[in-house]
Each structure stands twice: as structure tokens, then as C-alpha cells.
Amino acid sequence: MPHTTTVERVTVIATESLSKRFPRVTALDRLSVDIAPGVTGLVGANGAGKSTLIKILLGLSPASEGRATVLGLDVAKDGNAIRESVGYMPEHDCLPPDVSATEFVVHMARMSGLPPSAARERTADTLRHVGLYEERYRPMGGYSTGMKQRVKLAQALVHDPRLVLLDEPTNGLDPVGRDEMLGLIRRVHTDFGISVLVTSHLLGELERTCDHVVVIDGGKLLRSSSTSDFTQATASLAVEVTDTADHPDGTTALRTALDRAGLTVQPAGRGADGAPGSDHVLLVDVAGEETYDTVRDAIVGLGLGLVRMEQRRHRIAEIFRSDDDPDAPDALGGTTGTGGPASGSAYGKGGAVDAA
Ligand SMILES: Nc1ncnc2c1ncn2[C@@H]1O[C@H](COP(=O)(O)OP(=O)(O)OP(=O)(O)O)[C@@H](O)[C@H]1O
């Protein structure tokens, strides 16, 4: 009798053909996706449907069709139970200006059902964890954007949830503030084992922070894969060689030799790695271990000097860049819910800057 093993997939969030239709726009369009424990990035241009999905997952807004579960609970029936176990950091400023962070977070902890002394204790711990110390006794109206974002994160964590949904937590932050916030988010999972779903329209941020990335466009699923799949599948080797008397253009000679050897080679092109002279760099698709040997043998065969040979992982943003727009920024443009076909070229065309 054949022996079979069933591996049960663990999911914290599962949606099945989930749609949300407003009178004039389809915000989510038959979205089916499973999200495992860990840190997951939900990425999409403004209007892609990220906030709508979060509201449905919290049981705050009913789906038009389809179903979804969060921690195994049905969003249509179990909203209260979901919100007991899930923390939520909203996108927009929602902090009362006249109260202190401590008062506010204690209040949120009490609302979540913690008794007064536990609420105060958890508030102190959580505010310390997000990096707010003496300032926590001051009215929040005087806080910087970074401090406000930290308070919003703290109130999402204070009741010790199993999962937090963070809507654009780096919005409005400068690059240093963003890095600090991304570090905090990563630690929410590594230090406390809390799973995280974090939205952003900046791909570059997510590849540093997330284990898994889900991309939506016009309410449809474009791609869901582990971050390493996004970057590893496209690993390439950057190779730079010297010119010699026999080969005054060593780069072209090497390119011809590698083409002949059956490798896929292209010039790194202008500014490919930000270094001047990167037009002398070739990018060779890594087909396997043997690619390194083929490149080495070709260089030796031509008598060229090797300046460098290093593995280069594509950034997620490059995967969504159209071929005719190699300089497109690392941000998702405002494609505003066109609901068009799943096309990578929908990305990277927007006016937003690469701030990640
Ligand atoms: N209550 C509503 N009534 C009508 N349309 C809505 C409503 N909420 C969202 N939408 C529309 O649904 C689409 C998806 O909006 P959503 O806020 O989910 O996008 P998003 O990806 O979170 O973008 P952003 O980061 O800009 O909030 C948009 O076209 C938006 O205008």
C-alpha cells in the first residue's frame, strides 16, 4: 500500500475569490491568496485595493462576494474574535492631539479587554519597544510624524495579537525614519513571533523586510511569492574584465565568447549598479554552478584580466519594470485600479520617486 504524507499548509490569512465592488469601482476583483506566518508585504499602487482588503480582513467591511479567513476565523461572522487576536495600524492620522501616547495606548489596551494594571504595564513595554521614552507623557499633537507612526504601531501591538495588519506604516517618513520603522516591523516578528501583513507602494522597502510579497493591481492578484523567489529566480553574474592588446574591447570579446558558449548575456547598461563605468560590466544569467566555470574559462581563453565577478540579485522592482523603461523608479505608480491584465509593465511608470 503506498505511503502518503499530508502536509498541512499553515495560513494566517486565506481569501477565496474575494471581491469588493463600490458603485463606481471594483476595489477587489476575485482575489484568492494564502498568506503564511511571518512578515508579508502587500504591495500595490495607490488605489490597488490594499486598504479595502485590510478592512474586509478585520471584519469591518463586508465583501461583495467570495470568502476570507483570518487565523482560521471567518471574516463574515467572526469579526469580534478576529479583532481580539489581530492588531491594526491604520494608514491615516487618527491620534487625538490632546492626550499623551501613554494615555492613548492604555485606553486602546483597555478597549481590547486588558484589566487596568495589565493595560498600564503592557503600554509601558510596548512604547519602550517602539522607541518612545520620556516623550510618551507629552500630548501627541506635538509629535513628529515618526513618533505618531510609532504610537500607531504600539496601539496595534498592545493587546499581544497573533497578527498585525499595518497599512502604509512608512508613509510620510524620511529615509532614516523609514529604515527605523522597517526594523521595528521586522522585530515584531523576530522578537515576539507575531505575524505581520504590511502594505506599501514601495517595492524596495518590502524586499528588505518581508519573507513573502503579494502584489495586487486593480484589485487583482498579480503575484504572490517568497521574497527570495522574486530575487533569486533572476540571479545574474556581474562580470568586468580588462582590455588587452589582442582584445582592445575586452567586454565585447567576452560577450561574443559567452554568447557562443550558449549563455544569456547582456550589458549591465548605464548606471546598472550605480557605479561609473558600469557599461563595461556584463550581466550573465546564472543557469547553474557550471555558469561560473564557463565564464572563467572564456576569460582565460581570451587572455583577459578579471576585474570582478560577483553574483547580483535583481531587486524586486526590476521584475516589474518594463523593458523599454529601464530607469523607472522603485515605486508603484498610480495606476488607480484599471483592473487590466496581469502585466508587469503596469509598474514603474508612475511619477513617485524611488524613496525606498
Ligand atoms: N468607501 C468607498 N467608496 C467608494 N470607493 C472606494 C471606497 N473605498 C475605496 N474605494 C475605491 O476602491 C479602490 C481601492 O481603494 P483602496 O483604498 O483599497 O486602495 P489602496 O491600495 O489602499 O490605496 P491607497 O494606499 O491610496 O489607500 C480605489 O479606487 C478607491 O477609490
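In this text the structure is predicted, and so the values were computed from the model without any measurement.

Each value, and the rule that gives it
Residues numbered from 1 in each chain as written. Predicted model: local features only at pLDDT ≥ 70, side-chain atom pairs only at ≥ 80, totals over all residues. Heavy atoms only, no water. Helix = DSSP H or I, 4+ residues; strand = E, 2+ residues; numbered from the N terminus. Contact = heavy atoms within 4.5 Å. Pairing = 2+ DSSP bridges. Axes fitted to C-alpha atoms, helices over the stretch in contact; angles between N-to-C directions. Near = heavy atom within 4 Å. Polar contact = N/O pair within 3.5 Å; in protein donor to acceptor, adjacent residues only side chain to side chain. Areas by Shrake-Rupley, 256 points an atom, 1.4 Å probe, with all protein chains shown as cover. Nonpolar A, V, L, I, M, F, W, Y, C, P; charged D, E, K, R; others polar.

*Asks:* Tell me about the side chain of H129, residues and numbers included.
*Replies:* With respect to the helices, strands and loops of the structure, H129 is situated in helix α4 (residues 116–129). Those residues in contact with H129 that lie beyond four places of it in its chain are L184, R187, D191 and F192.

*Asks:* Kindly report on the sheet that holds strand β1 (residues 13–21), identifying the contributing residues and their values.
*Replies:* The four strands lie next to each other as β2-β1-β4-β5, forming an open sheet whose pairing is antiparallel. Bordering the open sheet on either side are β2 (26–35) and β5 (73–74), each of which pairs with just one other strand. Bridge count for strand β4 (residues 65–70) against β5 is two bridges, and the pairing is antiparallel. Paired with V70 across the two strands is L73, which belongs to β5. Docked against the sheet, helix α1 (residues 50–57) engages β1, β2 and β4, running at close to 115° with respect to β1.

*Asks:* How would you summarise the site of the ligand if you had to cite specific residues and measurements?
*Replies:* Taken together, 13 residues lie around the ligand, and G47, G49, K50, S51 and T52 are the ones closest in. G47 has a polar backbone atom sitting 2.7 Å from an oxygen atom of the ligand. Look at the ligand: alone it shows 630 Å² of surface, and the protein chains cover 63% of it. Sort the elements by how many residues they give to the shell around the ligand and α1 lands first, with three residues. Class assignment for the residues of the shell around the ligand results in five nonpolar, five polar and three charged.

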